[in-house]
Structure formats: structure tokens, C-alpha cells
Amino acid sequence: MRLSLATLDRLPADVAHPAHDPRRLATGIVHLGWGAFHRAHQAVYTDALLAKDPSWGILGVSLRNPDVRDAVTPQDGLYTVSAVDGSGAARRVVAASTGLLVAPEDPAGLIARLADPGVRIVSTTVTEKGYSHDPATGALREDDPDIRHDLADLVRPRTTLGVLVAGLKRRREAGVAPFTVLACDNLPANGRTLRGLALRFAELVDPGLARWIEDTVKFPSTMVDRIVPATTDADRAAVAAAIGMEDAWPIVTEPFTQWVVEDDFSLGRPAWETVGVEFVEDVAPYELMKLRLLNGTHSTLAYLGYLMGRPTVAEAMQEPGIARLVEELMFEEIGPTLPPLSGFDLDGYRRSLLARYRNPALKHRTWQIAMDGTQKLPQRLLGTIRDRLAAGRPIDRLALGVAGWMRYVTGVDETGAAIDVRDPLAERLRRLTDAAGPVAARLVSALTGVGEIFGDDLPVDPRFLGAVETALDRLLTLGARAAVDRTLAEARS
Ligand code: CS2
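Basis of the calculations
- Residues numbered from 1 in each chain as written.
- Predicted model: local features only at pLDDT ≥ 70, side-chain atom pairs only at ≥ 80, totals over all residues.
- Heavy atoms only, no water.
- 1 Å grid on protein atoms, 1.4 Å probe; cavity = no way out; pocket = protein on both sides within 12 Å on 5 of 7 lines; lining within 4 Å.
- Points joined across faces, edges and corners; volume = space filled by probe spheres on them.
- Helix = DSSP H or I, 4+ residues; strand = E, 2+ residues; numbered from the N terminus.
- Nonpolar A, V, L, I, M, F, W, Y, C, P; charged D, E, K, R; others polar.
- Domains from an automatic or database assignment.
- Pairing = 2+ DSSP bridges.
- Contact = heavy atoms within 4.5 Å.
- Axes fitted to C-alpha atoms, helices over the stretch in contact; angles between N-to-C directions.
- Buried area = accessible area lost by both parts, 1.4 Å probe.
- Salt bridge = Lys/Arg side-chain N within 4 Å of Asp/Glu carboxyl O.
- Polar contact = N/O pair within 3.5 Å; in protein donor to acceptor, adjacent residues only side chain to side chain.
- Near = heavy atom within 4 Å.
- Buried < 20%, exposed > 50% of the residue type's maximum accessible area, 1.4 Å probe, protein only.
- Core = buried A, V, L, I, M, F, W, Y, C linked by side-chain atoms within 4.5 Å.
- Parallel < 35°, antiparallel > 145°, perpendicular 65-115°, else oblique.
- Left-handed = near helix turned anticlockwise from the far one by under 90°.
- Phe/Tyr/Trp six-rings, centres within 6.5 Å; stacked < 30°, edge-to-face > 60°.

Asks: Looking at this model, I keep getting lost on the layout of surface pockets. Mind explaining?
Replies: Once rolled over the atoms, a probe with the size of a water molecule shows which space is left empty. Looking at the second largest pocket, its volume works out to about 260 Å³. Lining of the second largest pocket is provided by 17 residues; of these, Pro135, Ala136, Pro188, Pro378 and Gln379 occupy positions nearest its centre. Going through the elements one at a time, α7 (190-205), α10 (284-307) and α15 (373-390) are the ones with two or more residues in the lining of the second largest pocket. Per-element accounting of the lining of the second largest pocket gives the leading share, four residues, to α15. Residues belonging to the lining of the second largest pocket are distributed by class as follows: nine nonpolar, six polar and two charged. A domain-level breakdown of the lining of the second largest pocket finds at least three residues from each of domain 1 (5-280) and domain 2 (284-492).

This is the structure we're talking about:
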């Protein structure tokens, strides 16, 4: 037996069901990047209000891969979300989807759906690299082959920007008011960033279209937070046992969830405030806090934990050095760079992050978080480092995170085994690290030369170079455990 509309009433009583009739949903949202994070986050919030307003069903779009669509379509778009921690699991079946499309299979169909007047929001979780921008400056990568393809052929767009602008262009031609674009990725000022990129892209297509987007399209920024590891076969087996039927693509996540959104929607929005979403005037301070405290320490512990042979975040947190490093990063080095948020319990937030990382039921692989470091480092660590350098403060613990990434992208771990480095710049990183050899000064000089990551200020800042080189030299000569211990001992004294 498999999860689907036909089997929904056979679910055990302890699995929550949707309160609405999934057959009655209309599409109000098109979501680009129908991956695990979206399904555990925005889809769950929306699912909770569809009984009151079924006009906000979500048409899910995969920009490349058909796997998820193939798995979930036979289930009528239904899937299980299992929120787990040391005390057990809370499961619910989510039924927020009105259909699933794979963009390259039917680009014309997708653009037609985007032009449907019923579609009032187009949201995105396409990961950092899905924005086709230079992470250090935020500028559009106009020489990116997919961007060049889309600029030349907007009928079959491949990129997020191509799809968004093609949809907006079609609406403008048809006299349909534009949808609101809702960025839900871990980027600073994600809405403003996406707006700048869409405007530049549109400018290259048709300056008149760019002006129209500038004048009429809203791009609210959001802060999104929920830890959602990639689904494994063990997850599939555990969920099947618990719900008494097969689910080809369940999601296993943590109980915690947070969504902070700027209330700036031109064609209305779901009453998300009734289901826990926080609406604020300016998301920037929330986003900065989350990117630096959570994602900054997450990446640091992913690189160093991986190097210590720890496959998951919870296991990495069992390393005393890592647990202390993460805590001291949050309290000593990152905290002072954050603007005050009135009425917000920053200490409670940091404490809860530490507890979330220790969640023993979540198998969040350090390797997964280590992915795409070139796209993540700038907003997770380098911005914090710049602020501390500007204030004349030390950066030794933060430098350990950057050096951890450098050590990781050499592609060989401490036992001599190969590391499967996944990154859009992986080949270039490999060439640079191979040419430099395992020598800290040479590696730092080669890798900081990647301007898309480090900009033009950090590669010439002796305080930055010195701190990273010291940390990397320790990682290479002492190993990750001793390098962390040594840095912590010195930072304390
Ligand atoms: C993680 C994030 O994979 C990663 O890089 O740091 O996906 C993290 O789990 C989420 O941002 C939590 O909200």
C-alpha cells in the first residue's frame, strides 16, 4: 500500500491529516525548487491554512531533476513530514501541492502557468548557486553559460532568473498584474538580491521590461529556518513502518521552524500570520543573525567535523573542541557583530541553536552542509570577519572555519582518503590546491585569489591572511582536533 489520496483515510490515528480536501485546491503559488527544504517549511505553513483558503495551493517546479516529481506524483503530491528529536517523532501528511512540473520537459507549459492570473506568488528555494550571481559582490554572472542561454532563448529558460523573467514578461504582454516574487534561500536580503539580479537580467532582455519590473513587482525578503537533511533510505523505511504504507519521498526534519517575512505582496498572500509566520517591516537583522549564528557555525562545524571523521552534525557536536568552538563563535566572535533586535532573546536563540545541533535523531551529514562552500562562505563567515576587522577585533575562531574549508577542498582527508568535494567551482579549486600543494601559505594565497568568494579586500588584508594561514597550518600539520584545541586555548588566554 502506498500513500495517496485513495489511502489517506487508512493512515494511523497518530499521523496528522490535512484538514482540507486536496482535490479542491487551486494554484495560488508556483514554487521553484520543490526540494526537501521547501516541503518541510513553506509548504507546511501553507498546508495548515488551506482548509480556510484553498486558493493557495502550490504548483511545485523542479528546475532540473525529475526524481522528486516521479516519486511523489503517483502519491498525488502527498508526502509525510516527520519532525524528530530525542523524545520521538511527530508525523503529518502534507497535501499542499496542486501538481509538479519539471521545467526542461515543458518550458512553454511552465511559462503559461506563471502567466495564470490565479498565480499571485512565485517563491524560490533554489540554493545559493541558483541565483547565478557572484557571491562576493551580488552581481549577475553574465558570462555563465546558462544565463547566456536564457538571454538568447527566453522561450526555454534553464535558470531561476530566466524562468522568473519569462513569466513576468508573459504577464506584461497579456496585461496580467505581476506576481510577487518570494525568495526563500539563505542569502542576505534575499528579496532585494533577487530583485537586483532580475532587473539586470531583464535589462539585457528588454529595458522596457526591466522598468516595468522595477515599478510593479514586489520582492519581499524572508528569513527561513528549519534543519532538513536529505532523505535517506533509512528514513523511507522508518516512515513506512510508522505510517503503515509506503511513501517514496518523506521528509525527516527537526521540530523547530521559523519564517520571518516582509509584508509586501502586490496581489495578496495567504494568512500565514495565523499559522506562525512572523511579519516584520525589515527582515535584514533577522537574516543577518540567522546566517551568521546558524549557517556560519554550521559550515564551520561541517568542515572541521568532517575532517575529524564525524559524519553528522550531532556526532561532530560530541567532539569537545567543536562544541566549545561553536559556542565561543556564537558568543564571542559573531554575537558582537549583530545589530540589536529589540525584544529578541539573543541568548535563548543561541542556546536553542546548540540544542538543535545536538538533536540525536537528526542524521544531518557534515558532507551535505560542506557542499557549495564557495557560494556560502561570503555571507556565512566573511561578512562577520569584515565587521570584526573593521572594529579591530580578533578573528581567530572565524579563521578556523575558513581554513577548515580550505583544508576540505584540498580533496584529501586526514586518513589520506579522497573527499567528494561538491561545488560549482570544484574543478578550479582542485587545480589551485593541486598546484599549491599542502603548504598553508601557498594554499591561502591561491584560494583567496578566487575573487568571487573573497572580494578584493580580504586577499590583501594581512590580519585576515595571517589568521587563516595560522589556522590552516595547524590543520595541515597537527590535524583538526589538535588545531581546534590549540586555537581555543590561545583565544581564551
Ligand atoms: C545548512 C542549511 O546545508 C546547509 O548549508 O547550513 O541548510 C541549514 O540547515 C538551514 O539553513 C537551517 O535553516
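Now that the structure has been shown, we can carry on.
Asks: In this structure, what is going on with the sheet that holds strand β1 (residues 15-16)? I would like to understand it.
Replies: Backbone hydrogen bonds are what pair the strands of a sheet, in a parallel or an antiparallel way. The strand order β1-β5-β4-β10 describes an open sheet built from four strands, whose pairing is mixed. Looking at which strands have only one partner, the edges of the open sheet turn out to be β1 and β10 (251-253). Pairing of strand β4 (residues 79-85) with strand β5 (residues 88-94), which is carried by seven bridges, proceeds in the antiparallel orientation. Residue pairing in the sheet places Ser82 in a bridge with Arg91 of β5. With respect to the sheet, helix α9 (residues 233-243) is in contact with β1, β4, β5 and β10, its orientation differing from that of β4 by roughly 100 degrees.

Asks: It is not clear to me how the domain arrangement of the chain should be interpreted in this structure. Could you clarify?
Replies: Interfaces are often sized by the accessible area lost when the parts come together. Domain boundaries assigned for the chain yield domain 1 (5-280) and domain 2 (284-492). Tallying the contact residues gives 32 residues for domain 1 and 31 residues for domain 2. A combined buried area of about 2,400 Å² lies between domain 1 and domain 2, and 60% of that area is made up of carbon and sulfur atoms. Where domain 1 packs against domain 2, one counts four salt bridges. A salt bridge links Arg380 to Glu128; the nearest nitrogen and oxygen atoms lie 3.4 Å apart. There are nine residue pairs in polar contact (both at pLDDT 80 or more) connecting domain 1 and domain 2.

Asks: Just to check I follow, could you spell out the site of the ligand for this structure?
Replies: The local shell around the ligand consists of Asn186, Asp225, Arg226, Ile227, Lys290, Asn295, His298, His364, Ile369, Lys376 and Arg380. Interatomic distance of 3.0 Å between a backbone N/O atom of Arg226 and an oxygen atom of the ligand. Contact between the ligand and Lys290: an oxygen atom at 2.7 Å from a side-chain N or O atom of the residue. Counting residues per element, the ones that place at least two in the shell around the ligand are α10 and α15. Per element, the largest residue contribution to the shell around the ligand is three residues, and it comes from α10. Per-domain counts for the shell around the ligand show at least three residues from each of domain 1 (5-280) and domain 2 (284-492).

Asks: Honestly, the pattern of salt bridges in this entry has me stumped. Any pointers?
Replies: For side chains of opposite charge, pairing can occur when their charged atoms come near one another. Scanning all chains against the criterion turns up 37 salt bridges. Its salt-bridge partner being Asp21, residue Arg24 comes within 3.9 Å of it at the nearest N-O pair. For the salt bridge of Arg356 with Glu254, the shortest nitrogen-to-oxygen distance reads 2.6 Å. Highlighted residues: Arg356 in helix α13 (residues 346-357) and Glu254 in the loop between β10 and β11 (258-262), separated in sequence by 102 residues. Per residue, the accessibility class of Arg356 equals that of Glu254, and both read buried. Residues participating in the shared-partner salt-bridge network are Arg324, Glu328, Glu333 and Arg397.

Asks: Could you clarify how one ought to interpret empty space enclosed by the protein in this entry?
Replies: According to the stated counting rule, one finds two cavities of 30 Å³ or more in the structure shown. Here the largest cavity defines a volume of roughly 50 Å³. Forming the walls of the largest cavity are Ile227, His298, Val313, Ala314, Arg356, Tyr357, Asn359, Leu362 and His364. Sorting the residues of the lining of the largest cavity by element identifies α11 (313-316) and α13 as the ones contributing at least two each.

Asks: Is there a simple way to explain the nonpolar core in this structure?
Replies: General note: in soluble globular proteins, nonpolar side chains tend to be found buried as a group. Trp405, Phe454 and Phe464 are the most contacted members of the largest nonpolar core, which has 87 residues in total. For this core, the element with the most residues is α10, which contributes nine residues. In contact with Phe454, not counting residues within four places along its chain, are Leu377, Leu382, Arg386, Val402, Trp405, Met406, Leu447, Thr448, Pro459 and Phe464. If you look at the next biggest cluster of nonpolar residues, it comprises 38 residues, including Leu63, Val119, Ala198 and Trp212.

Asks: Mind showing me how you'd approach the packing of helix α16 (residues 396-408) against helix α20 (residues 462-478) here?
Replies: The description of two packed helices rests on the angle between their axes and on the distance between the axes. Where α16 contacts α20, the two axes come as close as 8 Å, and the packing angle between them is 60 degrees. Taken together, the axes of α16 and α20 lie oblique to each other. Note that α16 runs across α20; the crossing there is right-handed. Counted together, Asp396, Ala399, Leu400, Val402, Ala403, Gly404, Met406 and Arg407 of α16 and Phe464, Ala467, Val468, Ala471, Leu472, Leu475 and Leu476 of α20 form the full contact between these two elements. Partitioned by chemical class, the residues of the contact of α16 with α20 number 12 nonpolar, one polar and two charged.

Asks: Would you mind going over the side chain of Thr487 with me for this structure?
Replies: With respect to the secondary-structure elements, Thr487 resides in helix α21 (residues 480-492). Side chain to side chain, Thr487 and Arg474 meet in a polar contact 3.2 Å long. Polar side-chain contacts of Thr487 include one of 3.0 Å to the backbone oxygen of Ala483. In contact with Thr487, not counting residues within four places along its chain, are Asp396, Leu400 and Arg474.

Asks: I would appreciate a short explanation of the pairing of strand β9 (residues 222-225) in the present structure.
Replies: Consecutive residues of a regular strand have side chains that alternate between opposite faces of the sheet. Of the two faces of β9, both are covered, the one formed by Thr222 and Val224 as well as the one formed by Met223 and Asp225. Inspection of the sheet shows β9 paired to β11 by four bridges, in the antiparallel sense. Bridged to Met223 within β11 is Val260.

Asks: Looking at this structure, I do not really get the packing of aromatic side chains. What am I missing?
Replies: Two aromatic rings, taken as a pair, are described by how far apart their centres are and by the angle between their planes. Considering all chains together, one arrives at 10 aromatic pairs under this definition. Between Phe265 and Trp272, the ring centres sit 6.2 Å apart and the planes meet at 65 degrees, which makes this aromatic pair edge-to-face. Under the relative-accessibility criterion, Phe265 is labelled buried at 13%. Under the relative-accessibility criterion, Trp272 is labelled buried at 1%. For the ring pair Tyr306 and Tyr408, a centre distance of 5.1 Å and an interplane angle of 85 degrees mean the geometry is edge-to-face. Of this pair, Tyr306 sits in helix α10 while Tyr408 sits in helix α16, and the two are 102 residues apart along the sequence. Residue class for Tyr408 comes out buried when judged on its relative accessible area of 2%. The rings of Tyr45, Trp259, Phe265 and Trp272 are connected pair by pair, giving a single aromatic cluster.

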